Amino acid sequence: MIDRRLFLQGSLMGIATLAPVLSLARTEGDDPRIEAFVRANGFHGVIATARAGRIDYARAFGMADVGAKRPATLDTVYGIASISKWLTSVTVLRLIEKGRMTLDTPISTLLPGYRADTGARVTLAHLLSNTSGIPNGFIAAAKLNPSLVTTDLGTAESVRRFCQGDLAFEPGSKFDYAMTNWFLVVAIIERLTGRPFQDAMRAITLDPLGLRHTRADAVVPSAPGTAISYRTLEPPVAWPDPGTPVMAAGGGYFSTAGDLIHAAHQVFDSGFLKPESLRVLRTIRVPEQDYALGGRVRTLTIGGVPVPAAWETGRTAGYRSVLGHRYDTRETIVILNNTGLSQKTLDLFADSLFGAAPRA
């Protein structure tokens, strides 16, 4: 049994020291590659590049809110969708560093009361790599009752309703990008810390990293600094992105380019995680998907040489995002968009900014 009082006093307080906050400043001068991309794609959003956390280029383009005629700025907040999984995985690894669980701990141990027959076979690593085999009961239920995407049932009830189906495949044998994996991660973090998930994320990861613009609460999409998600711009048609607290871990966070550059630098370059945690974060577990824990590790071909890079992407409603980080040169690229551009288009453009050869 976990002693929450001692855990909170000894663990959370010990890791909640605020890190310096990175602010982006608009860079002078143009990059012909970026200017051409913006013109060709009618790009709205933010593009930023950095090396070892130092900004090389940062510019905002187009509109954050067409109706209000509010232009995008470097501080505009965008939905980052599945990049949330990466931040959540970092939080889990920080908890593992405190010795409260391992990646191989069965979820029935972490969540007493979860069905024992499947819970004993599914580990925390299976959840974080989307290989658990637990079927996504939420999607089927939401198709019958669309109000579920805006109804806060609470974590326990969401797990009871949507995350206890018979396994669709043997854990670890297949990849299934099911949000119910992340419902269970929310439940585990809440039980370990005795806090609501978002409070735990704030204390363990977001505040220590200094990510003051990175949030998942419901007021963010309507806040003045947040970009509106669009289905089309001519005419402007907003594309709502509803969600509930239990969906935050898998795709509910919003952030800025500055926060994401700072997070990548601190996590991958600056010792925010212990060496073993960083090793497992960079270890591919599903080769056909290039998937590790909460994100991908791609191999770019640059100058004829294979170069590994963290590759986090996000897509929800009209929000599109890329966070790429080369391990060798510590270069980071962030692209944030709110008009539903093709994710592949953004990925290929990020490849070109890194100088990578076109994908086969």
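Visitor: Describe the pairing of strand β10 (residues 305-316), with residues and values.
Guide: Alignment of strand β9 (residues 296-302) against β10, held across 7 bridges, turns out to be antiparallel. When the sheet's bridge partners are listed, Thr 301 is paired in β10 with Pro 306. Counting the residues that bridge the hairpin from β9 to β10 gives 2 residues, and of these Gly 303 lies at a positive phi of roughly 60°. Judged from the 8 bridges that link them, β10 and strand β11 (residues 319-326) form a sheet pairing that is antiparallel. Counterpart to Thr 313 in the pairing with β11 is Val 322. Between the end of β10 and the start of β11, which pair antiparallel, lie 2 residues, with Ala 317 showing a positive phi angle near 50°.

Visitor: I'd like a description of the pattern of salt bridges, backed by residues and values.
Guide: For the coordinates displayed, the defined rule picks out 16 salt bridges. Notably, a salt bridge pairs Asp 351 with Arg 298, separated by 2.8 Å at the nearest N-O pair. A residue pair is termed long-range when its members are at least 10 positions apart, and Asp 351 in helix α14 (residues 343-354) and Arg 298 in strand β9 qualify at 53 residues. The same class applies to Asp 351 as to Arg 298, namely buried. Here Glu 331 and Arg 326 are joined by a salt bridge, their closest N and O atoms 3.3 Å apart. Connected through salt bridges with shared partners, the residues Arg 51, Arg 326, Asp 328 and Glu 331 form a single ionic network.

Visitor: Outline the packing of helix α2 (residues 32-41) against α14, supporting the account with residue identities and numerical values.
Guide: Taken N-terminus to C-terminus, the directions of α2 and α14 make an angle of 165°; their axes are 11 Å apart at the nearest point. Classed by the angle they form, the pair α2 and α14 counts as roughly antiparallel. Handedness of the α2/α14 crossing: right-handed. Counted together, Arg 33, Ile 34, Phe 37 and Asn 41 of α2 and Thr 345, Leu 346, Phe 349, Ser 352 and Leu 353 of α14 form the full contact between these two elements. Grouping the constituent residues of the contact of α2 with α14 by class yields 5 nonpolar, 3 polar and 1 charged.

Visitor: Which residues make up the packing of aromatic side chains, and what values go with them?
Guide: Given two aromatic rings, one states the distance between the centres and the angle between the planes to describe the pair. Scanning the model with the defined rule gives 12 aromatic pairs in all. The interplanar angle of 85° and the centroid separation of 5.7 Å between the aromatic rings of Phe 254 and Tyr 319 together place this pair among those described as edge-to-face. Taken together, the residues Phe 254 in strand β8 (residues 254-255) and Tyr 319 in strand β11 connect sequence positions 65 residues apart. For Tyr 319, a relative accessible area of 3% corresponds to the buried category. One aromatic cluster is present, formed by Phe 37, Phe 43, Phe 61 and Phe 349 through successive ring pairs. We note Arg 94 situated over the ring of Phe 272; from NZ or CZ to the ring centre the distance is 3.9 Å. Here Arg 231 stacks its cationic end above the ring of Trp 239, 4.3 Å away from the centre of that ring.

Calculation criteria
Residues numbered from 1 in each chain as written. Predicted model: local features only at pLDDT ≥ 70, side-chain atom pairs only at ≥ 80, totals over all residues. Heavy atoms only, no water. Pairing = 2+ DSSP bridges. Helix = DSSP H or I, 4+ residues; strand = E, 2+ residues; numbered from the N terminus. Salt bridge = Lys/Arg side-chain N within 4 Å of Asp/Glu carboxyl O. Buried < 20%, exposed > 50% of the residue type's maximum accessible area, 1.4 Å probe, protein only. Axes fitted to C-alpha atoms, helices over the stretch in contact; angles between N-to-C directions. Parallel < 35°, antiparallel > 145°, perpendicular 65-115°, else oblique. Left-handed = near helix turned anticlockwise from the far one by under 90°. Contact = heavy atoms within 4.5 Å. Nonpolar A, V, L, I, M, F, W, Y, C, P; charged D, E, K, R; others polar. Phe/Tyr/Trp six-rings, centres within 6.5 Å; stacked < 30°, edge-to-face > 60°. Lys NZ or Arg CZ within 6 Å of the ring centre and 35° of its normal.

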